[in-house]
Amino acid sequence: MLQPPHQPPQVAAVPAQRTPAREDEAGPWHSEAVCRRDEAGLFFAPSKEPTAARLAREEAAKRLCARCPVMVACREHALLQPEPYGVWGGLTAAERRVALARRRRRDIELTAAATGERIAAAG
């Protein structure tokens with residue numbers, strides 16, 4: 001169907017894709033990820049997965065992550081986005097929530113310590 005010249009063509013909305021946390025001269029970190037060659041089902045839970053099956057699947061995914069050359073970049077990506085599902089950088093979603101909570105506490109403690117040092121130096 002042709003559009004009249006005075007109207008812009010109708011374009012379907014496409015959701016924005018997430019960009020990787022870091023790219024270097026060699027390309028995006030995820031191009032080197034071990035999981036690119038494996039089935040994604042290992043890293044993401046199917047609907048209503050039994051607990052024992054989930055734990056076994058997550059452990060298998062973590063074993064692959066452990067030998068991945070970009071595991072640290074992958075983990076940072078998942079923590080910075082934050083990725084709510086799946087195994088990323090060798091951590092499950094629950095483990096990432098714990099890591100993020102620890103980071104927040106550490107940042108608060110460092111800020112409080114720095115503030116205390118400035119007050120002591122000024123006094």
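Predicted, not measured: the structure shown is a model, and the values here were computed from it.

This brings us to the confidence of the model for the protein chain. When pLDDT is averaged along the protein chain, the result is 78, and 72% of the positions lie at 70 or above. Here strand 1 (residues 23-24) stands out as the least confident element of the protein chain, with mean pLDDT 44; helix 1 (residues 51-66) is the most confident, with 95. Segment residues 6-25: pLDDT under 50, and 20 contacts once partners within four positions in sequence are set aside and those in other chains are kept.

A general feature of soluble globular proteins is that nonpolar side chains tend to end up buried together. Judged by nonpolar contacts, the single largest core of 14 residues is most densely connected at Trp29, Phe43, Cys68, Val70, Val87 and Trp88. Those elements that place two or more of their residues in this core are helix 1 and helix 2 (71-80). The contact partners of Val87, leaving out residues within four places of it in the chain, are Phe43, Glu58, Ala61, Lys62, Cys65, Thr92 and Arg96.

The subject of this paragraph is the UniProt feature "binding site: [4Fe-4S] cluster" (unreviewed entry) in the protein chain. The sites that UniProt annotates as "binding site: [4Fe-4S] cluster" (unreviewed entry) are Cys35, Cys65, Cys68 and Cys74. A maximum C-alpha distance of 10.6 Å places the annotated residues, which cover 40 residues in sequence, within one compact spot. Classification of Cys65 by relative accessible area gives buried; the value is 8%. Setting aside residues up to four positions removed in sequence, Cys65 forms contacts with Phe43, Met71, Val87, Gly89 and Gly90. Among the residues examined, Cys68 registers a relative accessible area of 15% and is labelled buried. Apart from the residues within four sequence positions on either side, Cys68 is in contact with Ala33 and Val34.

Rules used throughout
Residues numbered from 1 in each chain as written. Predicted model: local features only at pLDDT ≥ 70, side-chain atom pairs only at ≥ 80, totals over all residues. Heavy atoms only, no water. pLDDT = per-residue confidence, 0-100. Helix = DSSP H or I, 4+ residues; strand = E, 2+ residues; numbered from the N terminus. Contact = heavy atoms within 4.5 Å. Core = buried A, V, L, I, M, F, W, Y, C linked by side-chain atoms within 4.5 Å. Buried < 20%, exposed > 50% of the residue type's maximum accessible area, 1.4 Å probe, protein only. UniProt positions renumbered as here; feature names shortened; annotations may be inferred.

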